[in-house]
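# Geometric and topological summary
Chain by chain, the residues run as shown.
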Amino acid sequence: MHFLWLVIMMSFSLFVAPIEMNAEAQEPLEDSSRYVVIFNGEHDFADIEESGVKLIREYENIHGATIELENSKLESLKDNKAVEIIEKESVVEINAQVTPYAFTNLNMTNKYPNDLTGKGIKVAVIDSGVATHPDLKIKAGVCVLDSSDCYNSYHDNNGHGTHVAGIIAALDNDIGTVGVAPGVEIYAVKALDRKGEGTLTTIMAGIDWAISQKVDIINLSLSTPNLNPAMKTLLDQAYKNGILVIAATGNEGTASGDTDTVQYPARFDSVIAVSAVNKNNVRLPTSGTGDSVELAAPGDAVYSTVPGGYMYMSGTSMAAPYVSGLAALYMEKYPHLSNVEIRELLRENALDLGTPGRDRFYGYGLAQVDSAHLLPEPVIGSDGSVKLDLKDFLSKYPSYNLYRFDQLIVSNSSNPTVYDYGVQGDVEYTVYPVEDGMEQTSKKYKAEVTLTAPHFKDLTNSLWYSRHMIYLNSQSILLGLGDQLMGPTQQVTRAQAVAMMGRALELNKTQRKTRFSDVGKNNFASGYIESAAEQGYLSGFPDGTFRPDQPVTRAEMAILLSKGFGLANSHNTSFSDVNGNVTGAQEIANIAGSGITLGYPDGTFRPYEYMTRATFSVFLARAENDFFR
């Protein structure tokens, strides 16, 4: 018969040297008739209920129960087809050992990325409970011991659980210490009593409760040398439910580390096994070693909360909650990632220690805060260009929506690089992931830039058309008016419109005689106008004129852009004020079908409305560069 050992790290005095408490194996309760039973398939307690069998506790998340059984019925129960596993109840007990560690408080404050605190992440600490403390805030809790030991709910009358909780979540204030993730929601589970004693049943009951609370992380700073199939079944279920389970490797290691001393539950595949290092990132001699070690974390002379104050403790019990705290930061930063993906990211980011690659002492290495910037610092050009690199963002999310201030400028894109344009001043960008076609508004990421050039007195970055005008200006398609003016509200003439499109299409600009009676050789746009006519982009009026100084209408703009950029014919778009009698009706449909215009909110296009330099720039930028559509 295997007996359960749970190893936890204890200290009892604020004034003594650091001490380490290790559990030792205990004989099963004398004449005990309690057993933990795991049922086959859909079977449950009802399938074994009979005289001489008493239900003590039934588990919500697996088909299992703790029962009290007459000894004479044990063999028949083992033969019952409804029963898969039956384990005799066992106890744990703690004995103190002095440990000669004298390191100071380990401060994790500077390791926060992007001011993350673990906000909204639920962490269950299954231990000796958590005490009321000015440096801790508990979201919820439960005592799973026998009722006589739960007189004060989940309050910690031992100290170990409070120390573990402080490593994870001590508040960021002016007292004591600060946890890795002070914003997490701590779920305190008292599964060990004031003496540090508990049973397989109480640990399993704590895990079961945590699963039902839908926590994100379970911290287990305890261990046993024996494989308990019932506990494995429950932890596997927790992992399957999306919970990240993190446990101490145990303190049964040797100085040489040449034997496999990793304890359970850390040894289970569904659990992250954490070994302990000192301040020099060297493994503690007692820290468990073996192939199942996954990560290492500080565990030497760790300063944290205890009932009534603070204390130093050492061991793998202190290392595991550092990883739990870091995992909470990862989950807040990457809320779309599964527990499996968070686990993989923790491995990828670990600082390799010892033998290169994964090894028996440190696993993948020392756990690290994720330092990746999903929105790296934008690259700014002297021409007003802004380059946003979204490659890292797309490694976490399938696509995104990009806002400039409050204006959506890129919709559901997976393009890893975005170019934008602005004038002297600040520009604020916000990126939201898009998952399953829905913008995830709770997962926003921001980037801000300050441009030093170009400067135009009549343009600011908050104007919706400024980015289009500066883009065209950077390409020498739109020219300024002098005196640092761009003239966005001025009407654009037909000659100016053709010149702008001619520059975009790189038409022959040589000034020359044209086919139009009112466009002479000396007209600034004569070369572009004649070239556009040669290409069939325009034809002028029936009287042989072009009327270069007349404002261009929206319909004329549509004809020019549709022909100049070779837009495909579209028949799927209609406006209430555009019919077959409107010159350019097909071209208007073409620019709408190409995503260059949506028309006005009232369903009109207003084909005869004159255009300004700003509005024409918007349409031309969209025709010339798909990014603006």
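Just so you know, these numbers come straight off a predicted model, no measurement behind them.

A separate point is the pattern of salt bridges. Counted under the stated rule, the structure contains 19 salt bridges. When the shortest N-O distance is used, the salt bridge between aspartate 146 and arginine 34 registers 3.9 Å. With aspartate 146 in the loop between strand S8 (138-143) and helix H2 (160-169) and arginine 34 in strand S2 (residues 34-39), this residue pair connects regions lying 112 residues apart in the sequence. Residue classification places aspartate 146 among the partly exposed positions, given a relative accessible area of 45%. Exposure remark for arginine 34: the relative accessible area of 23% places this residue in the partly exposed category. Note that arginine 494 is salt-bridged to glutamate 556, the shortest N-O span being 3.0 Å. Remark: glutamate 556 occurs in helix H11 (residues 554-564) and arginine 494 occurs in helix H9 (residues 494-505); sequence separation between them is 62 residues. Take arginine 494 and glutamate 556: they sit in the same class, and that class is buried.

Now for unusual backbone geometry. Peptide bonds are mostly trans, and most non-glycine residues show a negative phi. For the bond running from tyrosine 264 to proline 265, omega is 10°, close enough to zero to count as cis. Among the secondary structure elements, proline 265 is positioned in the loop between strand S11 (244-248) and strand S12 (271-277). The omega torsion of the bond from alanine 453 to proline 454 falls at -5°, within 30 degrees of zero and hence cis. Here serine 153, not a glycine, exhibits a phi torsion of approximately 55°, which is positive. With respect to the secondary-structure elements, serine 153 resides in the loop between S8 and H2. In this structure, glutamate 506 is a non-glycine residue whose phi angle is positive, near 55°. Structurally, the position occupied by glutamate 506 is in the loop between H9 and helix H10 (526-534).

For any pair of aromatic rings, the description rests on two quantities: the centre-to-centre distance and the angle between the ring planes. In this structure the tally under the stated criterion is 16 aromatic pairs. With a centroid separation of 6.3 Å and 90° between ring planes, the pair formed by phenylalanine 393 and tyrosine 400 is classed as edge-to-face. In this pair, the class of phenylalanine 393 matches that of tyrosine 400, namely buried. Summarising the aromatic geometry, the rings of phenylalanine 393 and tyrosine 445 are spaced 5.4 Å apart at their centres and angled 90° between planes, so their arrangement reads as edge-to-face.

Formed by 66 residues in total, the largest nonpolar core has its most connected members in Val184, Ile217, Leu244, Ile246, Phe393, Tyr400 and Leu402. Here this core gets 11 residues from one element, more than from any other, and that element is helix H5 (residues 316-333). Leucine 244 has contacts with Asp216, Ile217, Ile218, Tyr239, Ile272, Ala327, Met331, Asn339, Ile342, Arg343 and Leu346, leaving out every residue within four places of it along the chain. Judged by nonpolar contacts, the second largest core, of 55 residues, contains Tyr465, Ile470, Ala532 and Met557.

Attention now moves to the confidence of the model for the protein chain. With 91% of its residues at a pLDDT of 70 or more, the protein chain has an overall mean of 88. In this model residues 1-30 is a low-confidence stretch, pLDDT under 50, and it forms 115 contacts with partners more than four residues away in sequence or in other chains. Segment residues 92-113: pLDDT under 50, and 72 contacts once partners within four positions in sequence are set aside and those in other chains are kept.

What follows deals with the side chain of aspartate 300. As for its placement among the helices and strands, aspartate 300 is situated in the loop between strand S13 (293-298) and strand S14 (302-306). Buried aspartate 300, no salt bridge; nearest opposite-charge side chain is lysine 279, N-O distance 8.5 Å. A polar side-chain atom of aspartate 300 sits 3.4 Å from a polar atom in the side chain of serine 314.

Rules behind the numbers
Residues numbered from 1 in each chain as written. Predicted model: local features only at pLDDT ≥ 70, side-chain atom pairs only at ≥ 80, totals over all residues. Heavy atoms only, no water. Salt bridge = Lys/Arg side-chain N within 4 Å of Asp/Glu carboxyl O. Helix = DSSP H or I, 4+ residues; strand = E, 2+ residues; numbered from the N terminus. Buried < 20%, exposed > 50% of the residue type's maximum accessible area, 1.4 Å probe, protein only. Phe/Tyr/Trp six-rings, centres within 6.5 Å; stacked < 30°, edge-to-face > 60°. Core = buried A, V, L, I, M, F, W, Y, C linked by side-chain atoms within 4.5 Å. Contact = heavy atoms within 4.5 Å. pLDDT = per-residue confidence, 0-100. Lys, Arg positive; Asp, Glu negative; His and termini not counted. Polar contact = N/O pair within 3.5 Å; in protein donor to acceptor, adjacent residues only side chain to side chain.

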